[in-house]
Amino acid sequence: MIDAPLVIEDAPLRAVWYAAWRFVLQRASAAVLALCVVVHLATIIYAVRHELTAAAIVARMHASAFWPAFYTIFVIAVAIHAPLGLRAIADEWLGLRGRATDAVLALIAVLLLGGGFYAVRSLTT
Amino acid sequence: MPSTFPVLIWRGAADGAFRRYDVPRLASQTVLDVVTHVQRHLDASLAYRYACRVGMCGSCAMTVNGKARWTCRTHVDAVAGDSALEIGPLHHLPIVRDLVVDMAPFFDKWAAAKGEFKPTASRYDDFATVAPSSPARRAIDATIECIGCGVCYASCDVVGWKPDYLGPAALNRAFTLVKDVRDGAGVSRLRAVAGDSGCQSCHTHQSCTERCPKHLSPTASIASLKRLVALAALKGNL
C-alpha cells in the first residue's frame, strides 16, 4: 500500500512571518546569551576564587547599576530563548504544535521572566 | 569459480524482512552489480530501480549497511570488506516493494519549496548572459549539480522527526533558484521555505553533506536560506 502523495499547501503569510521571526529572535537571544553566560561564569569563578560570601556579592551588586541591568538583559534573553528551544523539542520529539503548545510555552516564558525579575529585583532593593 | 559472500536484501513492503542471498564476490564489484546479480540469477521477483549505472540519474540510491548511498558507484570493497552486505530501501520514504521506494513525497516537497524555475524573459528575448565569475553564479556552482537521488533526504534526522520538513534536496534546489538572476519567483519562494517546515528547522547535523554522493553541501545552501529569510524578515520584506 503506497501512501497518498504528501501535499504541502502554501503556509499562510502570518505563519511564515511568525516562523521567520521566531528564528531571528532565537538567534539574536543566543548571541546575547553567549556573551551573558561567559560574563556570568567569569563572575562565579571570580567570587569563588576570592572567597566572597553571598552577602559580599549582594553588596557589590547593589553598589553598581551595571549588574542589575546586565541580569535584566540576561533574564529577557533566557525567557525568549528557552521557550523557542522547547518549542522545537515539543514539535520534533512529541509531535506537539499549534496554539495550545504555544500557549504553554508563552506561560513558561512568563514564568521565566517573573522568576528572573524577582531575582534581579533583590539586586536593586 | 569465485567465492561467494552473504548479502541480506530487504524483501516486501514496510512489514517485510531481510532475506539472505549468496553472491559471487568479484573484483571492482559495485553494490548495484550485487543487486543485479540477485535479480538476474537468484530471484527474478526482486524489485529495484536503476537507469544510468554511471552516477548521473540518481535513481539507484538504497540503504547499504545502514547508510544511504548511490549503489552504482559504491564498491562492495568500500562498504563490506569481508563481512556481510545489507541492502535495504531508502529511509523516510514509503516502500513500494523490496528496494523500491515511492519518491513522490520527496518531489512533492521540491514543488512545495517552489523548486520550479520562474522565467522573467520570454522566448522573444535574447539569451540571458550570466557571468560565470559573478558572485550569484559562483554561489550555485556546486548546488546545480544535484541529481535528486534522495540520499540526503534519507539521511536527514529532521525529516525523520518532522515528516513535513522540506528536507535538504528541496531546500538546496530553492536556494539555487533564489540565487539564479534569471528567476522571478523572488519573495514568494523565500516564503515557501520560511514556514514551520522550512529551512529554520535544519539542525545543521550535516548528515546530508556527509552522505551526498556528489559532495555537495545542502547544509550550506540551507544556512544561506536562513540568512536570506532572516534578512528579509528584519527588512520587512517577507
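Values in this document were obtained by computation on a predicted structure and should not be read as measured data.

Engineer: Lay out the overall build of chain B with the relevant residues and their values.
Structural biologist: Counting secondary structure elements, chain B contains 10 helices and 7 strands. Principal axes of the C-alpha set define a box for chain B whose edges measure 65 × 40 × 30 Å. Looking at chain B residue by residue over its 238 residues, the buried ones come to 43%.

Engineer: Explain the overall build of chain A residue by residue, including any values.
Structural biologist: For chain A, the count of helices and strands is 4 helices and 0 strands. Each helix (α) and strand (β) of chain A, taken in turn from the N terminus, gives the series α-α-α-α. Over its C-alpha atoms, taken along the principal directions, chain A stretches across nearly 70 × 25 × 20 Å. Taking all 125 residues of chain A together, the buried fraction comes to 10%. Pairs at least 24 residues apart make up 82% of the contacts formed inside chain A by residues separated by at least 6 positions.

Engineer: Pulling in residues and values, what's your account of the domain arrangement of chain B?
Structural biologist: Reports often express the size of an interface as the amount of accessible area lost when the parts come together. All names here are of chain B. For chain B, the domain assignment lists domain 1 (4–101) and domain 2 (104–234). For domain 1 versus domain 2, the distance between C-alpha centres works out to 29 Å. In this assembly, 15 residues from domain 1 lie in contact with 14 residues from domain 2. Mapped by element, the contributors of at least two residues to the side of domain 1 that touches domain 2 are strand E3 (61–64) and strand E4 (67–70). Top contributing element to the side of domain 1 that touches domain 2 by residue count: E4, with 4 residues. Grouping the amino acids of the side of domain 1 that touches domain 2 by side-chain chemistry returns 7 nonpolar, 5 polar and 3 charged.

Engineer: Before we move on, could you go through the pairing of strand E5 (residues 85–88) of chain B and cite the residues and values that matter?
Structural biologist: Taken together, the 3 bridges between strand E1 (residues 4–11) of chain B and E5(B) define a ladder with parallel strand orientation. Bridged to B:Leu8 within E5(B) is B:Glu86.

Engineer: Which residues make up the pairing of strand E2 (residues 17–24) of chain B, and what are the values?
Structural biologist: Look at any regular strand and the pattern is simple: side chains alternate between the two faces of the sheet. Residue and element names in this part refer to chain B. Relative to E2, E1 runs antiparallel, the two sharing 8 bridges. Note that in E2 the partner of Pro-6 across the bridge is Asp-22. Remark: 5 residues form the turn of the hairpin made by E1 and E2, two consecutive strands paired antiparallel; Gly-12 in that turn has positive phi of roughly 100°.

Engineer: Describe the interface of chain A and chain B, listing the residues and the values that go with them.
Structural biologist: Listed as interface residues are 21 residues of chain A and, on the opposing side, 25 residues of chain B. For the side of chain A that touches chain B, the secondary-structure elements that each account for two or more residues are helix H1 (13–49) and helix H3 (66–94) of chain A. Here the side of chain A that touches chain B gets 10 residues from one element, more than from any other, and that element is H1(A). Across the side of chain A that touches chain B, the residue classes break down as 16 nonpolar, no polar and 5 charged.

Engineer: So what's going on with the packing of helix H7 (residues 168–178) of chain B against helix H10 (residues 218–234) of chain B? Residues and values would help.
Structural biologist: Residues and elements named next belong to chain B. Two numbers describe how H7 lies on H10: the axes approach to 8 Å, and their chain directions differ by 60°. The orientation of H7 with respect to H10, classified from their angle, is oblique. For the pair H7 and H10, the sense of crossing is left-handed. In this structure, H7 contributes Pro-168, Ala-169, Leu-171, Asn-172, Ala-174, Phe-175 and Val-178 to the contact, and H10 contributes Pro-218, Ser-221, Ile-222, Ser-224, Leu-225 and Leu-228. Its residues assigned to classes, the contact of H7 with H10 comprises 10 nonpolar, 3 polar and no charged.

Engineer: I'd like a rundown of the environment of A:Ile73, residues and numbers included.
Structural biologist: Residue and element names in this part refer to chain A. Mapped onto the fold, Ile-73 is located in helix H3. The class of Ile-73 is partly exposed, set by 15 C-beta atoms lying within 10 Å. Residue contacts for Ile-73: discarding those within four places in its chain leaves Val-32 and Cys-36.

Engineer: Account for helix H1 (residues 31–42) of chain B, naming residues and giving values.
Structural biologist: All names here are of chain B. Here H1 contains 12 residues, and its C-alpha end-to-end distance of 16 Å stays within 8% of the 16 Å for a straight helix at 1.5 Å per residue. All of the buried residues along H1 are Val-31, Val-34, Val-35 and Val-38. When H1 is viewed along its axis, its buried side chains cluster within an angular range of 95° and face the same direction. H1 presents Arg-40 and His-41 as exposed residues on the side facing more than 90 degrees away from its buried surface. Each element contacted by the buried residues of H1 is listed here: E1, E2, E3, helix H2 (76–79) and E5.

The rules behind the values
Residues numbered from 1 in each chain as written. Chains lettered and ligands numbered in written order. Predicted model: local features only at pLDDT ≥ 70, side-chain atom pairs only at ≥ 80, totals over all residues. Helix = DSSP H or I, 4+ residues; strand = E, 2+ residues; numbered from the N terminus. Buried ≥ 20, exposed ≤ 12 C-beta atoms within 10 Å, placed from the backbone. Contact = placed C-beta atoms within 7 Å. Domains from an automatic or database assignment. Nonpolar A, V, L, I, M, F, W, Y, C, P; charged D, E, K, R; others polar. Pairing = 2+ DSSP bridges. Axes fitted to C-alpha atoms, helices over the stretch in contact; angles between N-to-C directions. Parallel < 35°, antiparallel > 145°, perpendicular 65-115°, else oblique. Left-handed = near helix turned anticlockwise from the far one by under 90°. Expected span 1.5 Å × (residues − 1). Arc of directions from axis to C-beta.

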